[in-house]
Amino acid sequence: MRRGIKGLALLAALPLALAACSSGGDSAESSPSPANPGDVSGTVVFWDTSDSTNEAPTFKDLIKKFEAEYPNVTVDYQNVPFSEAQNKYKTAAQADNAPDVLRAEVAWTPEFASLGYLLPLTGTSLDTPDAYLPTPWSSNVYEDVVYGVPQVTDAPGLLYNKELLEKAGVEAPKTWDDVQAASEKLKAEGVDTLYSATGGYFTLPYIYSFGGNTVDPAEQKILINDPESVAGFQKALDLIDSGAAVKPDPNDAYNQQMALFKEGKVAMIINGPWSVADILTGKAFKGNEDNLGVTTTPAGPDGQQGSPVGGHNYVISAGTQNQAASEAFVTFMNSPTSQAFVASELGLLPTQTAAYDEPEVQSNKFVQAFKPIVETATPRAWIPEGGQFFTAMDEEWINMYTGKTTAQEGADAIAKAWTEFLPDYSD
C-alpha cells in the first residue's frame with residue numbers, strides 16, 4: 001500500500017493529544033490583543049461562511065461583544081453561502097474588492113496564499129503557533145509563511161441514533177462489515193441503516209480505511225485511482241447495492257440525509273461536529289440529546305480507520321486598509337474564551353489549546369466525543385490545488401452510485417480531471 005505520504009506523514013506525526021500541548025495559561029498569554037481597544041478604529045468587512053441558520057447567530061453574538069469592547073470599530077458582517085464563497089472571494093480579490101477578513105475552509109488558505117490574495121501574518125500579533133493544536137495550525141502555513149489562524153477544527157465521525165440501535169439489538173459499528181451485519185436487524189425494525197457518502201469529502205473515510213489517499217505531494221503522485229482508493233469507493237458502492245446504505249439523492253444528498261436522520265428514519269450517518277446543533281432540532285433528538293451517539297468512522301479490512309481533517313481558518317486579505325482593526329477582530333473572535341463560547345453553543349471543536357481548559361468545553365459531551373476523532377484524523381495535502389479536489393470527486397461519486405461508471409472508471413476520471421491543475425503529477 002502507498003498510503004505513506006511523506007509530507008502528510010510529518011503532519012500526522014505531530015502530537016494532537018491535548019495533554020502534550022502547552023498549558024492554558026501559556027496559550028492565552030501568547031495571543032495578546034494587537035492594540036488597546038480604544039486605539040483601534042475603522043470598519044472591518046467580514047465574510048462569514050458558516051451556516052446562516054444554525055451557526056451564524058453565535059458568531060453574530062460574538063461580534064456584538066467585540067464591538068462593545070472595541071467601540072471605535074464597526075464590523076460589516078456578511079454571510080456568504082459556503083458553496084459560493086471560494087469563487088466569490090477569488091473574484092473579489094482579483095477586483096481589489098475582497099473583504100478584510102474571511103472565514104476560509106482549510107484547503108482554501110494555501111490556494112489563496114499562492115495567488116497573493118492573503119496578508120502574510122508572520123511576525124504579527126496573530127503569529128502564535130504555540131497557542132494552537134499543531135495540525136489545524138499547519139493548514140495556515142504556506143512556503144514557511146503564516147497566512148491565517150485556525151478558527152475551528154473537525155473530522156467526520158459516525159453519528160448514530162442510540163434508541164434505534166438498541167431496539168434492533170446492535171452496537172455502534174466498528175467496521176464496514178459491522179454496518180452490513182447490522183442492516184438486516186435494523187430493517188426488521190423499519191429503519192434504514194446508513195445514509196451513504198453524500199459527496200467526495202465524505203467518501204474519504206472509506207478510502208482511508210482501505211489504505212488509499214488523494215495525492216502524494218512529495219512524489220507528485222495522484223493516488224485517488226490506486227487499488228486501495230478504488231477499494232474504498234467500491235465498499236461504499238457495495239453497501240448501497242446490498243441495501244445496507246441508502247442511495248444518496250444526486251440533487252440534494254446532504255440535506256436528505258440530515259432530514260432522514262433527524263426524523264429517526266435512518267439509524268446512522270457520517271458527519272462532523274458542525275452538524276450537531278442542527279441534528280438536535282430534529283424529532284428524534286430534540287429534548288433528548290443523549291440519544292445522539294458519536295464514534296469513529298468504521299474501519300476497513302486491515303483495521304485502518306481515518307477521517308479527513310477539516311475546519312476553517314480566519315484569513316486577512318492582502319488589500320485590507322484596516323490591518324490593525326482586522327487583527328484585533330480575529331484575535332477577539334479566536335480567543336480561548338470565544339472559542340469556548342462557540343463550542344458550548346454549537347459543539348464545534350476549538351483550535352486553541354487553552355480553550356480545552358474552559359469548563360464549558362470540558363463539560364460538552366459532543367466536543368469530547370469528537371476530540372479523539374480529530375486526534376486520529378488524516379491530514380489532507382495542504383497544497384494550493386487542494387481546494388479543487390472535490391469538484392471532480394463530487395461529480396464522479398454521483399456517476400459511480402448511479403451506475404454510470406464503475407468504481408475504477410470513476411476514480412480514473414477523477415485522476416484525469418486532477419491532472420488538469422496538477423500537470424506535474426502522474427497517476
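This text gives an overview of the structure that appears in the document. No experiment lies behind these values; they were computed from the predicted model shown.

Calculation rules
Residues numbered from 1 in each chain as written. Predicted model: local features only at pLDDT ≥ 70, side-chain atom pairs only at ≥ 80, totals over all residues. Heavy atoms only, no water. Helix = DSSP H or I, 4+ residues; strand = E, 2+ residues; numbered from the N terminus. Rg over C-alpha atoms; globule rule 2.2 N^0.38 Å. Buried < 20%, exposed > 50% of the residue type's maximum accessible area, 1.4 Å probe, protein only. Areas by Shrake-Rupley, 256 points an atom, 1.4 Å probe, with all protein chains shown as cover. Lys, Arg positive; Asp, Glu negative; His and termini not counted. Charge placed at Lys NZ, Arg CZ, Asp CG, Glu CD. Polar contact = N/O pair within 3.5 Å; in protein donor to acceptor, adjacent residues only side chain to side chain. Pairing = 2+ DSSP bridges. Axes fitted to C-alpha atoms, helices over the stretch in contact; angles between N-to-C directions. Contact = heavy atoms within 4.5 Å.

1. A few points about the overall build of the protein chain
Here's step 1: Tallying secondary structure elements over the protein chain gives 18 helices and 14 strands in all.
Here's step 2: Here the protein chain has a C-alpha radius of gyration of 21 Å; the compact-globule value for 427 residues is 22 Å, and the two agree.
Here's step 3: Each principal axis of the C-alpha atoms in the protein chain carries an extent, and together these give about 65 × 55 × 40 Å.
Here's step 4: Residues counted as buried form 57% of the 427 residues belonging to the protein chain.
Here's step 5: Approximately 16700 Å² of the protein chain is accessible, and the part contributed by carbon and sulfur atoms is 48%.
Here's step 6: For the protein chain, the centre of its 26 positive side-chain charges and the centre of its 56 negative side-chain charges are spaced 8 Å apart.

2. Topic: the side chain of S183
Here's step 1: Considering the arrangement of structural elements, one finds S183 in helix α8 (residues 176-188).
Here's step 2: A polar atom in the side chain of S183 sits 3.4 Å from the side chain of T193.

3. With respect to the sheet that holds strand β14 (residues 310-316)
Here's step 1: Judged by pairing direction, the sheet is mixed, and its five strands sit side by side in the order β2-β1-β3-β14-β6 without closing on themselves. Looking at the sheet topology across the chains shown, the edges are occupied by β2 (73-79) and β6 (149-154). Geometrically, the sheet is characterised by an average inter-axis angle of 20° between neighbouring strands, direction not taken into account.
Here's step 2: Of the pairings in the sheet, the one linking β6 to β14 comprises five bridges and is antiparallel in character. The residue of β14 that forms the bridge with T153 is G311.
Here's step 3: Set on the sheet, helix α13 (residues 323-333) makes contact with β1 (42-48), β2, β3 (101-105), β6 and β14; between it and β14 the angle comes to about 155°.

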